[in-house]
Amino acid sequence: MSYHGQVPYLTPPDRLGDLLEGEPTYRATQLRRWLYRTPVLRTDDMTNLPLEARNRLRLWPFDVEVEQTADAGQTVKWLFRAPDGAAMEAVLIGYPDRATVCISSQAGCALGCTFCATGQFGFERHLDAGEIVAQVAYAAAHLRTVGLAGVPRRLTNIVFMGMGEPLANYDRVREAIRRIVEEMSMSARSITVSTVGLVPGMRRLAEEPWPVNLAVSLHAADDELRTSLVPINARYPIAEVEAAAAHYFETKGRRVSIEWTLMDGVNDTDEQADGLAAIARRLHAHVNVIEMNPTPLSALQPSSRIDRFLARLRRSGVNATKRINRGQEIDAACGQLRAIQADEQLKTAAPNADIG
Ligand code: SAH
Ligand code: SF4
């Protein structure tokens, strides 16, 4: 089943008139505002559109399968489901002075990093630009119309750290960024694209007009270890990723950040810390050390040496932070809500598994 054709987020913003045939052209402008400037959760809230026009639209390109709140109502996670079954996750994290949404760029991921729940599930499909931007709009609409306790009502930051590799879905992610900046009027500086290190995509992103932030998921300081954790490292080894990150910094004047998910007995040694420190110093990069969330299909475990690892980086003059609890919640959600859902489905299906 598909409902392409009536779904305004799946329609290019300048073609919205196609969905409102027979209506005066200013209706398309009104709709465009409801989608991108002052997003709402329901077409019923598009108060200046006639009922007949509203009824023709199916606002969201997905159903909300799960909505969970945490952190005394300051964090909300959603599992969205497209009509073809593709899952996407988004997490809205509120603070007293800002609100960040973590969004998905693909349903699943083909890159198979061993510690990642999304990677373990494999690739389903790319998300459409409209599906990506709709996650942002949904979070913005939730903030505006429902709100989070003690959090400003305006969305301030967007991170591509949910499911999928954004630079493997380049053109659609690019169009989503374009709409976030040009249609939603958000600052490109408030957007962070996290990549596993797809070098051609990093170089393309450096040529785009927007100064978005780039975060590189490194996780290991030598190629042998990195290839065992991040298989795509065999194609784009550390030296090439570092060169592309340096190019990004030089072209954009934006410091890149390095993400490092710390795994017990794997990449938490002094030797790895020193290797990371050397790379971070050369790039003038900030390092985010992320506490690992255990996943169902891997024996890898969170490290108990996180404070020592951080201290060693800092002694080497590197600006490093532990992703604070709230940040960890983002990662807890990335791929994991879907993992939990799939687990429940497996349990439900289990009685039949023995037959035949
Ligand atoms: N594909 C992109 C963006 C999505 S993953 C990338 O890899 O950067 C977003 C972040 O979550 C990455 O830094 C990734 O390394 C991290 N991550 C994945 N699985 C994790 C886990 N089990 N525990 C903690 N962080 C994890
Ligand atoms: Fe894909 Fe990123 Fe997970 Fe690796 S860490 S499998 S690139 S989503």
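Here the structure is shown first, and the text comes after it.
Residues numbered from 1 in each chain as written. Chains lettered and ligands numbered in written order. Predicted model: local features only at pLDDT ≥ 70, side-chain atom pairs only at ≥ 80, totals over all residues. Heavy atoms only, no water.

**Student:** In this structure, what is going on with the pattern of salt bridges? I would like to understand it.
**Tutor:** Should their charged atoms come close, side chains of opposite charge can pair. Scanning all chains against the criterion turns up 23 salt bridges. As a salt-bridge pair, D171 and R204 come within 2.9 Å of each other at their nearest N and O atoms. Pair noted here: D171 is in helix α5 (residues 170-183) and R204 is in helix α6 (residues 199-207), with a separation of 33 residues, a long-range link. Relative accessible area serves as the criterion here: at 40%, R204 is assigned to the partly exposed category. One salt bridge connects K322 with D307, and the closest N-O pair in it is separated by 3.3 Å. Taken together, the residues span a long stretch of sequence, with K322 in strand β12 (residues 320-322) and D307 in helix α10 (residues 306-315) at a distance of 15 residues. The class for K322 is partly exposed, based on a relative accessible area of 31%. (Salt bridge = Lys/Arg side-chain N within 4 Å of Asp/Glu carboxyl O. Helix = DSSP H or I, 4+ residues; strand = E, 2+ residues; numbered from the N terminus. Buried < 20%, exposed > 50% of the residue type's maximum accessible area, 1.4 Å probe, protein only.)

**Student:** Looking at this structure, I do not really get α6. What am I missing?
**Tutor:** Along an α-helix, a turn takes 3.6 residues, which lines up residues three or four apart on a common side. Every buried residue of α6 is listed here: V199, G201, M202, L205 and A206. The arc enclosing the buried residues of α6, seen along the axis, measures out at 165°, which places them on a common side. In this structure, the buried side of α6 is in contact with α5, β8 (191-195), β9 (213-217) and α8 (238-252). (Arc of directions from axis to C-beta. Contact = heavy atoms within 4.5 Å.)

**Student:** How should α10 be read in this particular structure?
**Tutor:** Those residues of α10 that fall on the buried side of the exposure criterion are I306, F309, L310 and L313. All buried residues of α10 project into a common sector of 95° when viewed along the axis, lining one side. Every exposed residue of α10 that faces more than 90 degrees away from the buried side is listed here: D307 and R315. Of the surrounding elements, those touching the buried residues of α10 are β10 (257-262), α9 (270-283), β11 (286-291) and β12. Within two residues after α10, G317 carries a phi angle of roughly 85°, on the positive side.

**Student:** Help me understand the packing of helix α4 (residues 129-145) against α5 in this model?
**Tutor:** How two helices sit against one another is set out by the angle between their axes and by the gap between those axes. Look at α4 against α5: their axes get within 8 Å of each other, and the N-to-C directions meet at 40°. By the criterion of interaxial angle, the relationship of α4 to α5 is oblique. Crossing angle aside, the handedness with which α4 passes α5 is right-handed. Of α5, the residues touching α4 (which contributes A129, G130, I132, V133 and V136) are R172, V173, E175, A176, R179 and I180. Of the residues belonging to the contact of α4 with α5, the class tally is seven nonpolar, one polar and three charged. (Axes fitted to C-alpha atoms, helices over the stretch in contact; angles between N-to-C directions. Parallel < 35°, antiparallel > 145°, perpendicular 65-115°, else oblique. Left-handed = near helix turned anticlockwise from the far one by under 90°. Nonpolar A, V, L, I, M, F, W, Y, C, P; charged D, E, K, R; others polar.)

**Student:** Just checking my understanding: could you explain the side chain of S298 for this structure?
**Tutor:** By the secondary structure assignment, S298 is in the loop between β11 and α10. At a separation of 3.0 Å, a polar atom in the side chain of S298 contacts the main-chain amide nitrogen of L300. Once you skip the residues sitting within four places of it in the chain, S298 turns out to touch T114 and Q120. (Polar contact = N/O pair within 3.5 Å; in protein donor to acceptor, adjacent residues only side chain to side chain.)

**Student:** Before we go on, may I ask you to explain the site of ligand 2 in this structure?
**Tutor:** Neighbouring residues of ligand 2: C109, L111, G112, C113, C116, G119, G164 and V196. A breakdown of the residues in the shell around ligand 2 according to their chemical character gives five nonpolar, three polar and no charged. (Near = heavy atom within 4 Å.)

**Student:** Honestly, the pairing of β9 in this entry has me stumped. Any pointers?
**Tutor:** Each regular strand displays side chains that alternate between the two surfaces of the sheet. Most of β9 is tucked away: five of the five residues are buried. Alternating residues of β9 divide into N213, A215 and S217 and L214 and V216, and every residue in both groups is buried. In this view, the connection linking β8 to its parallel neighbour β9 by way of α6 has right-handed handedness. (Right-handed = clockwise from strand over helix to strand, strands pointing away.)

**Student:** Can you walk me through the nonpolar core in this structure?
**Tutor:** It is characteristic of soluble globular proteins that their nonpolar side chains tend to be buried jointly. Ranked by size, the top nonpolar core spans 106 residues in total, and within it I158 and L313 carry the most contacts. Of the residues forming this core, the biggest block, ten residues, is contributed by α4. Apart from residues lying up to four places away in sequence, I158 is in contact with V101, I103, V136, I180, M186, S190, I191 and T192. If you look at the next biggest cluster of nonpolar residues, it comprises seven residues, including V91, C102, V159 and M161. (Core = buried A, V, L, I, M, F, W, Y, C linked by side-chain atoms within 4.5 Å.)

**Student:** Before we go on, may I ask you to explain the side chain of Q74 in this structure?
**Tutor:** Positionally, Q74 belongs in the loop between β1 (63-70) and β2 (75-81). Overall, the relative accessible area of 19% leaves Q74 in the buried class. A distance of 2.8 Å separates the side chain of Q74 from the backbone oxygen of A149, its partner in a polar contact.

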